[in-house]
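A look at the structure
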Amino acid sequence: MPFWSIGELLKASSDYLKRKKIDSPRLTAEVLLSHQLASDRVSLYLHFDSPINQGDLNGYRTLISRRATGEPLHYITGVREFWSMEFLVDPRVLIPRPETELLVECALKTAKDIDRQEEILILELGTGSGAVAVSIAKEIPDCRIWATDISTDALGVAKENAVRHGVENRIVLISGDLFGALVGRSSPLFDIILSNPPYVAEEEWDSLPREVKEHEPRPALDGGEKGMKFLAPIVRGAHEFLRPGGRLFLEMSPHQTEEIVSLLESSGIYDDIGRIMDYSGRYRLVTARKRKADAKTPKSKGL
Ligand code: GLN
């Protein structure tokens, strides 16, 4: 019986994925084959001429055809790298995007400037897989993070990720809708509030890639009219939960930047309002600092 070597199989399957218009076909073929063989990509090259057994061949074919029909690579492998760590992902949660690492970067910079003995308190709204909260908890040993999500399914994944990275005792997972999750809990005032809420505008939904709209959880992406359904109430409510001098960081779509900035400015509650670009040079985060109590505070215009 003819056999397939690893090298031949990679060539044939990446050609196939290319014909199916899948992004990065060669890399995808390598990731899926190393997943099937429970090895890493380097060992594929070390065993380039070795034959594949029938069981692995069948398993690999199934993985390739799942990817060819649009299932996201990371749901197939069950993991996604974020902030150089491996996170479990499945269709209960959005697959963390590289640009969301900006939220982690911002939190770390802010935490460095906090000169206090007690632990730094951080609130993340809509934690999903927990990638942001876990990365921050891992980087800042003296912080405690309250991480909310309306989806208890998502909180299950976040819990697994927190345990996987040994930070579960510093992340408080809470189910509920935005700040509503904190109602009835004597929540502290936070040094940092951050969120990557659903912000895809309803009008943009149809233009999303098939693999996103057919496989990722819609409630984690769909931001309603103009994508502001969650961003607006977060901007309106955050100041009640922030310490004076505390910072808010929001991920959003570039076209939402000016609306969010103007909501923040017109509130009179914040200063140091800024826009932060992602790696493709488009505004992706908005940041603001709650004014210190002793600063001249213009009257709130009632956000
Ligand atoms: N950046 C994501 C996307 O374009 C959207 C994430 C979100 O809505 N929070 O798929």
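The notes below deal with the structure included here. Bear in mind the structure is a predicted one, so any value in this text is a computation, not a measurement. (Residues numbered from 1 in each chain as written. Predicted model: local features only at pLDDT ≥ 70, side-chain atom pairs only at ≥ 80, totals over all residues. Heavy atoms only, no water.)

So, about the packing of helix 6 (residues 101–112) against helix 7 (residues 131–139). Here helix 6 crosses helix 7 at 35°, and the two axes come no closer than 9 Å. Helix 6 and helix 7 meet at a crossing whose hand is right-handed. Between helix 6 and helix 7, the residues in contact are Leu 103, Val 104, Ala 107 and Leu 108 and Val 132, Ser 135, Ile 136 and Glu 139, respectively. Looking at the contact of helix 6 with helix 7 residue by residue, the classes come out as 6 nonpolar, 1 polar and 1 charged. (Axes fitted to C-alpha atoms, helices over the stretch in contact; angles between N-to-C directions. Helix = DSSP H or I, 4+ residues; strand = E, 2+ residues; numbered from the N terminus. Left-handed = near helix turned anticlockwise from the far one by under 90°. Contact = heavy atoms within 4.5 Å. Nonpolar A, V, L, I, M, F, W, Y, C, P; charged D, E, K, R; others polar.)

Attention now goes to unusual backbone geometry. The phi angle at Lys 21 is positive, at roughly 65°, despite the residue not being glycine. In this structure, Lys 21 sits in the loop between helix 1 (6–19) and helix 2 (25–36). Despite not being glycine, Ala 38 shows a phi value in the positive range, around 50°. For Ala 38, the position within the fold is in the loop between helix 2 and helix 3 (41–46). Residue Ala 38 is classed as exposed on the basis of its relative accessible area of 72%. (Buried < 20%, exposed > 50% of the residue type's maximum accessible area, 1.4 Å probe, protein only.)

With that settled, the discussion passes to the packing of aromatic side chains. Inspection of the entire model under this criterion finds 4 aromatic pairs. With a centroid separation of 5.3 Å and 20° between ring planes, the pair formed by Tyr 45 and Phe 48 is classed as stacked. Take Tyr 45: its relative accessible area is 42%, and that puts it in the partly exposed class. Ring geometry for Phe 179 against Phe 241: centres 4.8 Å apart, planes inclined by 5°, an arrangement best described as stacked. Linking Phe 179 in the loop between strand 5 (171–175) and strand 6 (190–195) with Phe 241 in the loop between helix 10 (231–237) and strand 7 (242–251), this pair joins segments that are 62 residues apart in sequence. Each member of the pair, Phe 179 together with Phe 241, is buried. One cation-aromatic arrangement involves Arg 218 over Trp 205; the distance from NZ or CZ to the ring centre is 4.0 Å. (Phe/Tyr/Trp six-rings, centres within 6.5 Å; stacked < 30°, edge-to-face > 60°. Lys NZ or Arg CZ within 6 Å of the ring centre and 35° of its normal.)

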